[in-house]
Amino acid sequence: MTNRPTSCLDPFEADAISVADARQIIFDQITPIQGSVKVALRDALNQYLAEDLVSPINVPPHVNAAMDGYALAGADLPSENTKAYHVAGASFAGVPSDQSYQQGSVIRIMTGGVMPQGTDSVVPQELVDVLDDGTIKIDAKQHTGQNVRHPGEDIQKGATVLNKGHRISAADLGIIASLGKGEVKVLRRPRVAFFSTGDELKSIGETLNEGDIYDSNRYTLFALLKNLDVEIIDLGVIRDTQEEIEKAFIAAAELADIVITSGGVSVGEADFIKPTLKKLGDTHFWKIAMKPGRPLTFGTYHNSWFFGLPGNPVAVMVTFMQFVQPAVNYLASGSIKPTLTIKASSQQAIKKRPGRTEYIRAIVAQTDNGELEVKLTGNLMSMSLANCFIHLSSESGGVESGDLVEIVPFNNLI
Ligand code: AMP
Ligand code: MG
């Protein structure tokens, strides 16, 4: 596999590539999942259809009333003045009438009730005069065929209801249920493994020695993956040695389509991710003209795609959202999701030089008149206060207070 030519957008580093180019390289390398599985209807939520979904029945299956009222034959409606009718029976939803229609009478019917034999029209109950003796009067403004739903009016038997590759939503689950289907063939979910690297990292429950910190990326990555409906494989913490990392890569490649690591992607003496990936397989890029997240490795080995994210927890969030998430979605669905661009008015001026894309932690909120305003969380504030990144493009030379800026909301915000 070859590396693409890099675009030299970055005055900070001539060999860094742009965010858009990096994303394109990822899409070029990834082959979307083909394998499929049959799952129970509830488990199909958020999965991608592996085949066109064809309706085995007409929806609705029977001619039925669209309103509560009285069913009769259109030919028996008055052409002038009004006409009185005897109410001969009733047809309720799920409880059809066993009577067939007799001229001069009507059959009481409720919405969804099957139209009795011989009837073709429903007069809504609001338009009818009910007389003391129980007979009803209908005027001459009614039409043959009114207020009746026909078989297949919503969905015809044999029609393709949802296309292969479609992601099954809550509404779709209802549609599929209305066809009486209890199982659906969907693409298998991506398997995503991840591990943290660093000799300073301790797992929760362990004692911190001097210089140690707790491994927090493991939890951030778990949470980010949880939102993507993938099979999550947590491989824990790996020490900073070439042997350990190589062993972990080989094991992870057996288990997962995508392998994510955090830490060890710089050029420090304990940074083994890139050389190990290079030794085993291919690396496709290295530096990205972005902040944070500049050192990032993407590569292939065996049948897996590797993302070496930086160790810094904020950089993990940014690079995950910008690269891993689109990659997982493409792997899962075979299509590239267009990104929804949301603009908000910046409450502050932001300094920036052109040449790299920047993602800045921020809080977006809606004002009383419905507009979106965004303010920075401030350096000392926790990442958890932020609910979005402000995205400043590579070309941007900074922002004045009040300027509209593009925001990238975190999951669950919208
Ligand atoms: P590295 O990319 O390995 O040089 O790490 C950059 C910074 O992120 C260092 O300060 C690390 O201690 C920190 N870091 C790396 N991995 C993690 C992790 N799993 N959890 C929390 N911090 C980390
Ligand atoms: Mg490290």
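Refer to the structure printed above.
In this text the structure is predicted, and so the values were computed from the model without any measurement. (Residues numbered from 1 in each chain as written. Chains lettered and ligands numbered in written order. Predicted model: local features only at pLDDT ≥ 70, side-chain atom pairs only at ≥ 80, totals over all residues. Heavy atoms only, no water.)

Asks: Sorry, what's going on with the site of ligand 1 here?
Replies: Taken together, 14 residues form the shell around ligand 1, and within it Glu-200, Asp-215, Ser-216, Gly-264 and Gly-311 come nearest. The backbone of Ser-216 places a nitrogen or oxygen atom 3.0 Å from a nitrogen atom of ligand 1. Contact with the protein chains hides 72% of the accessible area of ligand 1, taken as 490 Å² for the molecule alone. For the shell around ligand 1, the residue count by class is four nonpolar, eight polar and two charged. (Near = heavy atom within 4 Å. Polar contact = N/O pair within 3.5 Å; in protein donor to acceptor, adjacent residues only side chain to side chain. Areas by Shrake-Rupley, 256 points an atom, 1.4 Å probe, with all protein chains shown as cover. Nonpolar A, V, L, I, M, F, W, Y, C, P; charged D, E, K, R; others polar.)

Asks: Where do I start with empty space enclosed by the protein in this structure?
Replies: Empty space among the atoms can be located by rolling a probe the size of a water molecule over them. Overall, the coordinates contain one cavity of 30 Å³ or more when judged by the stated rule. As a volume, the largest cavity reaches approximately 90 Å³. In this structure, the largest cavity is lined by 14 residues; those nearest its centre are Gln-47, Tyr-48, Pro-190, Asp-229 and Ala-332. Among the elements that line the lining of the largest cavity, the one with the most residues is helix H6 (residues 313–333), at three residues. Considering only residue class, the lining of the largest cavity consists of seven nonpolar, three polar and four charged. (1 Å grid on protein atoms, 1.4 Å probe; cavity = no way out; pocket = protein on both sides within 12 Å on 5 of 7 lines; lining within 4 Å. Points joined across faces, edges and corners; volume = space filled by probe spheres on them. Helix = DSSP H or I, 4+ residues; strand = E, 2+ residues; numbered from the N terminus.)

Asks: I keep staring at the pattern of salt bridges and nothing clicks. Help me out?
Replies: Side-chain pairing between opposite charges can occur once the charged atoms of the two side chains come close. With the rule as written, the count across this model stands at 11 salt bridges. When the shortest N-O distance is used, the salt bridge between Lys-83 and Asp-76 registers 2.7 Å. Relative accessible area serves as the criterion here: at 30%, Lys-83 is assigned to the partly exposed category. Across the salt bridge formed by Lys-202 and Asp-212, the nearest N and O atoms sit 2.7 Å from each other. (Salt bridge = Lys/Arg side-chain N within 4 Å of Asp/Glu carboxyl O. Buried < 20%, exposed > 50% of the residue type's maximum accessible area, 1.4 Å probe, protein only.)

Asks: Can you help me understand the environment of Gly-74 in this one?
Replies: Locating Gly-74 in the fold gives a position in the loop between strand S4 (69–72) and strand S5 (82–91). Between the C-alpha atoms of Gly-74 and Gln-146, which are 72 residues apart in sequence, the distance is 8.7 Å. Among residues more than four places away in sequence, those in contact with Gly-74 are Asp-120, Ser-121 and Thr-144. (Contact = heavy atoms within 4.5 Å.)

Asks: I keep staring at the pairing of strand S20 (residues 295–301) and nothing clicks. Help me out?
Replies: Working note: regular strand, side chains alternate between the two faces of the sheet. Buried residues dominate S20, accounting for seven of its seven residues. Here S20 shows a buried face lined by Pro-295, Thr-297, Gly-299 and Tyr-301 and a second buried face lined by Leu-296, Phe-298 and Thr-300. Here four bridges tie strand S18 (residues 282–287) to S20, and the two strands are oriented antiparallel to one another. Across the sheet, residue Asp-282 finds its bridge partner in S20, namely Thr-300. Sheet topology places S20 next to strand S21 (residues 304–309); five bridges connect them, and they run antiparallel. Looking at S21, one finds that Phe-298 is bridged to Phe-307. If you look at the hairpin formed by S20 and S21, you'll find two residues sitting between the two strands, and His-302 has a positive phi there, around 60 degrees. (Pairing = 2+ DSSP bridges.)

Asks: What exactly am I supposed to notice about the layout of surface pockets here?
Replies: The space that makes up the largest pocket amounts to roughly 1,100 Å³. Lining the largest pocket are 39 residues, with Met-321, Gln-325, Thr-339, Leu-340 and Val-408 positioned closest to its centre. Mapped onto the lining of the largest pocket, the elements with two or more residues apiece are helix H1 (19–29), H6, strand S24 (357–366) and strand S28 (404–409). When residues in the lining of the largest pocket are grouped by element, the largest group, six residues, is from H6. Looking at the lining of the largest pocket, its residues break down into 18 nonpolar, 15 polar and six charged.

Asks: How do you make sense of the sheet that holds strand S8 (residues 129–130) when you look at a structure like this?
Replies: By way of backbone hydrogen bonds, the strands of a sheet pair with one another, either parallel or antiparallel. Strand order across the open sheet formed by six strands is S7-S4-S6-S5-S9-S8, with mixed pairing between neighbours. Of all strands in the sheet, those bounded by a partner on one side alone are strand S7 (121–124) and S8. Both S4 and S7 contribute to a ladder of four bridges, which runs antiparallel. Considered in S7, the bridge of Ala-71 is made with Val-122.

Asks: Help me understand a nonpolar patch on the surface, please; the structure alone is not making it clear to me.
Replies: Together, Ile-204, Leu-208, Tyr-214 and Tyr-219 line one region of the surface with nonpolar side chains, adding up to about 410 Å² of accessible area. Here Tyr-214 is to be found in strand S15 (residues 213–214). Note on Tyr-214: relative accessible area 39%, which makes it partly exposed. (Patch = residues over 30% accessible without salt bridge, like charges linked within 9 Å, V, L, I, M, F, W, Y side chains within 5 Å.)

Asks: I would appreciate a short explanation of the sheet that holds S18 in the present structure.
Replies: On the basis of which strands lie adjacent, the open sheet formed by six strands has the order S16-S13-S17-S21-S20-S18 and mixed pairing. Each edge of the open sheet carries a strand with a single partner, namely strand S16 (231–238) and S18. The average undirected angle you get between the axes of adjacent strands in this sheet is 15 degrees. Where strand S13 (residues 191–197) lies against strand S17 (residues 258–262), five bridges are found, and the strand directions are parallel. From the neighbouring strand, Ser-196 faces S17, where its bridge partner is Ser-262. The strands touched by H1 are S18, S20 and S21; relative to S18, the strand with the most contacts, the crossing angle is about 170 degrees. This element, H6, spans S13, S17, S20 and S21 of the sheet and lies at about 170 degrees to S21. (Axes fitted to C-alpha atoms, helices over the stretch in contact; angles between N-to-C directions.)

Asks: Please explain the packing of helix H4 (residues 242–255) against helix H5 (residues 273–280) as it appears in this structure.
Replies: The geometry of a pair of packed helices is captured by two quantities: the angle between their axes and the separation between those axes. It is at 10 Å that the axes of H4 and H5 come closest, and there the two elements cross at 55 degrees. Classed by the angle they form, the pair H4 and H5 counts as oblique. Helix-helix and strand crossings are classified by hand; for H4 and H5 the assignment is right-handed. Contact residues: H4 offers Gln-242, Ile-245, Glu-246, Phe-249 and Ile-250, while H5 offers Ile-273, Pro-275, Thr-276, Leu-277, Lys-279 and Leu-280. Tallied by class, residues from the contact of H4 with H5 come to seven nonpolar, two polar and two charged. (Parallel < 35°, antiparallel > 145°, perpendicular 65-115°, else oblique. Left-handed = near helix turned anticlockwise from the far one by under 90°.)

Just geometry here; none of it tells us what the structure is for.
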